[in-house]
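Structural description and commentary
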Amino acid sequence: MISTNLEISKKIDSFNEILDSSPHLNCVVSNFSQKIKSEICSSEQSIKKGSLYGKTIAIKNNINIKNVKIDCSSKILQNYISPYNATVIDRIEEEGGLILCTTNMDEFAMGSSTEYSIHGPTLNWHGDNMVAGGSSGGSAVAVSSGMVDLALGSDTGGSVRQPASFCGVYGLKPTYGRVSRYGLTAFASSFDQIGVFSRKINDMQKLFFTISGHDKKDSTSSKNKLQPFDYNEKKVKSMKIGLPYRLDQFKHLSKDVLECYNKTVNFLKKSGFEIVQLDMDSLKYAVSAYYILTTAEASSNLARFDGIRYGERSVNSDIDSIYFDSKTDGFGEEVKRRIIIGTYVLSSGYYDQFYSKAQKVRKIIKTDFDKAFSSVDMLFLPTCPELPYELGKKKGDPLSMYLSDIFTVPMNLSGIPAISVPLGLSDKKLPIGMQFASNNFEENKLFSICRFLSENNRTII
Ligand code: GLN
């Protein structure tokens, strides 16, 4: 428990020590910790004694902070200084949280490894020359290396949970609408949700409760009331857990992931949980539907970055060349690939064949989740089929990168909350995360199971 501003300044010094001693991690984009430290030193009153008092926090480079460069790790926004705060930033500041830096990410949050960044790749704290996962890799590493207590990321198809799994920390994607998206740079608006990284489940709850709740600046934010968290081990154990996948049918699943999954299932059974196998056949279409719908939304959301309304403008005399060159020079390869796919699936000849079919699949998946939650409290599954891999291994193979999102995208298609829990280490000491998902607005069930696992020494942190 932090009690004085002196202790807080020491925490800020330790942030800078880790940062300076590990430049290869490349997880921080803008560091404003010294400014925060001098404000703290100049006045004992400068930090509010709210629920986040003394907590150090990192913010993904796509969440707007007033007067800070928020470039979404892209070239097209390299000179963009945000004129306003996202709602989550205002709420953190009101509760005394200390925002020390912004963190590296895949350009516009498109990717699974934090290799597609204008600032260069972020490396994993565990293992040599290994990717951190993505797209919120910088936030995951800032937390796993101990630089900060907490971090925010964004999760459109797994970008909080997958890097959390690769880096050995907790990563939560809340229910769609639970946290205001005002000030989060949009990738695919009907999927995007701001999420939280932490090393401790208590810290995560504090940040989650701070940023959640209705915001009149975001019409998709929900008015659903937050229920107070109340932990009772007996109640937790009475929860029924469903297994949505039959993992023995997966050809490309790492043996370490499978082992960790089986061990956890056995532990839960032994502890008295009722576990049931479910049949959720529609989930096999989730990756295809996700990549059709999110690229469609992205192609529309990113149209504003044209050098005229937003973004760096190329030097040209005629309007067509300005549009053409600003986008050609300003966007990286992965973002261009998504814009092209998105424009294609929305084009009049293919709309029915791809876009409207994918919408139907989304609906079927949602219905299947509703059905599952009529008989179980939670779902249990891996976060990712694989372990962190070497830098560069998948960068030239986008399809293989897309397929690794198999276990995370179903939750964004249906809006339900899910958390990645650090539950294992491979033979080579690389972290393995497993996922729990619950019904809409039931994040407290996820916190309860995490607390149970942590109290029973199942987590690796
Ligand atoms: N890996 C997924 C993608 O590239 C998820 C991205 C995200 O959640 N922002 O689309």
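If you're wondering where the values come from, they're calculated on a predicted model, not measured in any experiment.

1. Some thoughts on the state of the cysteines
Applying the stated criterion across every chain, the model contains zero disulfides. C27 takes part in no disulfide bond, and the closest cysteine sulfur to it belongs to C101, at a distance of 7.0 Å. With a relative accessible area of 2%, C27 lands in the buried category. Here C260 stays free of any disulfide, with the sulfur of C384 as its closest cysteine sulfur at 13 Å.

2. Comments concerning the layout of surface pockets
What the largest pocket holds in volume is close to 640 Å³. Looking at the largest pocket, it is lined by 21 residues, and the ones nearest its centre are Y245, Q249, F250, K284 and I406. Among the residues forming the lining of the largest pocket, the class breakdown is ten nonpolar, four polar and seven charged. Considering only enclosed or pocket space, the second largest pocket measures out at about 480 Å³ in volume. What lines the second largest pocket is a set of 18 residues, and nearest its centre among them are K35, I36, E39, E93 and I99. Element by element, the count of residues in the lining of the second largest pocket is highest for helix 2 (residues 33-42), at four residues. When grouped by side-chain class, the residues that make up the lining of the second largest pocket number eight nonpolar, five polar and five charged.

3. Here we look at empty space enclosed by the protein
Following the criterion strictly, the structure yields two cavities of 30 Å³ or more and no others. Each pocket or cavity is described by its volume, and for the largest cavity that value is around 90 Å³. What lines the largest cavity is a set of 15 residues, and nearest its centre among them are G111, S112, S159, Y290 and D405. Among the residues forming the lining of the largest cavity, the class breakdown is five nonpolar, eight polar and two charged. Within this model, the second largest cavity holds a volume of roughly 40 Å³.

4. Here we look at helix 15 (residues 443-455)
For helix 15, built from 13 residues, the straight-helix expectation of 18 Å at 1.5 Å per residue is met to within 8% by its first-to-last C-alpha distance of 18 Å. Buried within helix 15 are the following residues: E443, N444, L446, F447, S448, I449, C450, F452 and L453. N457 occupies a position one or two residues after helix 15 and carries a positive phi of about 55°.

5. Section: the site of the ligand
In the vicinity of the ligand, 15 residues are found, and the nearest of them are T156, G157, S159, Y290 and R338. Backbone polar atom of A109 to a nitrogen atom of the ligand: 2.8 Å apart, as the coordinates give it. One nitrogen or oxygen atom from the side chain of Y290 is found 2.7 Å from an oxygen atom belonging to the ligand. When the ligand is considered free in solution it has 290 Å² of accessible area, and contact with the protein chains removes 99% of it. Judged by the fraction of its atoms near the pocket grid, the ligand is located in the largest cavity. Counted by class, the shell around the ligand contains five nonpolar, seven polar and three charged residues.

6. A look at the pattern of salt bridges
In the structure shown here, the tally under the stated rule is 24 salt bridges. With its nearest N and O atoms 3.1 Å apart, the salt bridge here joins K55 to D203. With a gap of 148 residues between them, K55 in the loop between helix 2 and strand 2 (56-60) and D203 in helix 6 (residues 201-211) connect regions that are remote in the sequence. For the pair shown, K55 and D203 are each scored as buried. It is possible to trace a salt-bridge network through shared partners that takes in E333, E334, R337 and R338.

7. Looking at the packing of aromatic side chains
Under the counting rule described, the total for this entry stands at 24 aromatic pairs. With 5.7 Å between their ring centres and 85° between their planes, F191 and Y290 make a pair best called edge-to-face. Linking F191 in the loop between strand 5 (170-173) and strand 6 (194-198) with Y290 in helix 9 (residues 286-301), this pair joins segments that are 99 residues apart in sequence. Under the relative-accessibility criterion, Y290 is labelled buried at 4%. Directly above the aromatic system of Y389 lies the positively charged group of K394, at a separation of 5.2 Å from the ring centroid. For R458, the ring lying beneath its charged end belongs to F267, and the centroid distance is 4.3 Å.

8. Let's talk about the sheet that holds strand 3 (residues 98-103)
Pairing between the strands of a sheet comes from backbone hydrogen bonds, and it takes one of two forms, parallel or antiparallel. Here eleven strands make up an open sheet; going across it, the order is 1-3-2-4-6-5-10-11-9-7-8 and the pairing mixed. Only two strands of the sheet have a single partner each, and these edge strands are strand 1 (28-31) and strand 8 (274-277). Averaged over all neighbouring strand pairs, the angle between strand axes comes to 30°, with direction disregarded. In this structure, strand 4 (residues 150-154) lies alongside strand 6, joined through five bridges in antiparallel fashion. Bridge pairing in strand 6 links A151 to F197. In this fold helix 1 (residues 5-21) packs onto strand 1, strand 2 and strand 3, with an angle of close to 140° to the strand it touches most, strand 1.

9. Brief notes about the nonpolar core
Counting residues in each nonpolar core, the largest one holds 103 residues, and the members touching the most others are F108, L152, I419 and F436. Leaving out residues up to four positions away in the same chain, I419 has contacts with Y170, G171, L172, I201, M204, M434, Q435, F436, L446 and C450. If you look at the next biggest cluster of nonpolar residues, it comprises 29 residues, including L19, C101, C167 and V169.

10. Details of the packing of helix 6 against helix 15
Closest axis-to-axis distance for the helix 6/helix 15 pair is 10 Å, and the angle between their directions is 165°. Looking at the two axes, helix 6 sits roughly antiparallel to helix 15. Regarding helix 6 and helix 15, the two cross each other, and that crossing is left-handed. Of the residues in helix 15, those in contact with I201, M204, Q205, F208 and F209 of helix 6 are E443, N444, F447, C450 and R451. Considering only residue class, the contact of helix 6 with helix 15 consists of six nonpolar, two polar and two charged.

11. Describing the environment of C41
Relative to the elements of secondary structure, C41 occurs in helix 2. The spacing of C41 and N16 is 25 residues in sequence and 16 Å in space, taken between C-alpha atoms.

Thresholds, definitions, all that
Residues numbered from 1 in each chain as written. Predicted model: local features only at pLDDT ≥ 70, side-chain atom pairs only at ≥ 80, totals over all residues. Heavy atoms only, no water. Disulfide = S-S within 2.5 Å. Buried < 20%, exposed > 50% of the residue type's maximum accessible area, 1.4 Å probe, protein only. 1 Å grid on protein atoms, 1.4 Å probe; cavity = no way out; pocket = protein on both sides within 12 Å on 5 of 7 lines; lining within 4 Å. Points joined across faces, edges and corners; volume = space filled by probe spheres on them. Nonpolar A, V, L, I, M, F, W, Y, C, P; charged D, E, K, R; others polar. Helix = DSSP H or I, 4+ residues; strand = E, 2+ residues; numbered from the N terminus. Expected span 1.5 Å × (residues − 1). Near = heavy atom within 4 Å. Polar contact = N/O pair within 3.5 Å; in protein donor to acceptor, adjacent residues only side chain to side chain. Areas by Shrake-Rupley, 256 points an atom, 1.4 Å probe, with all protein chains shown as cover. Sits in = over half its atoms within 2 Å of the grid points. Salt bridge = Lys/Arg side-chain N within 4 Å of Asp/Glu carboxyl O. Phe/Tyr/Trp six-rings, centres within 6.5 Å; stacked < 30°, edge-to-face > 60°. Lys NZ or Arg CZ within 6 Å of the ring centre and 35° of its normal. Pairing = 2+ DSSP bridges. Axes fitted to C-alpha atoms, helices over the stretch in contact; angles between N-to-C directions. Contact = heavy atoms within 4.5 Å. Core = buried A, V, L, I, M, F, W, Y, C linked by side-chain atoms within 4.5 Å. Parallel < 35°, antiparallel > 145°, perpendicular 65-115°, else oblique. Left-handed = near helix turned anticlockwise from the far one by under 90°.

From the geometry alone we can't say anything about function, so treat these as descriptive.
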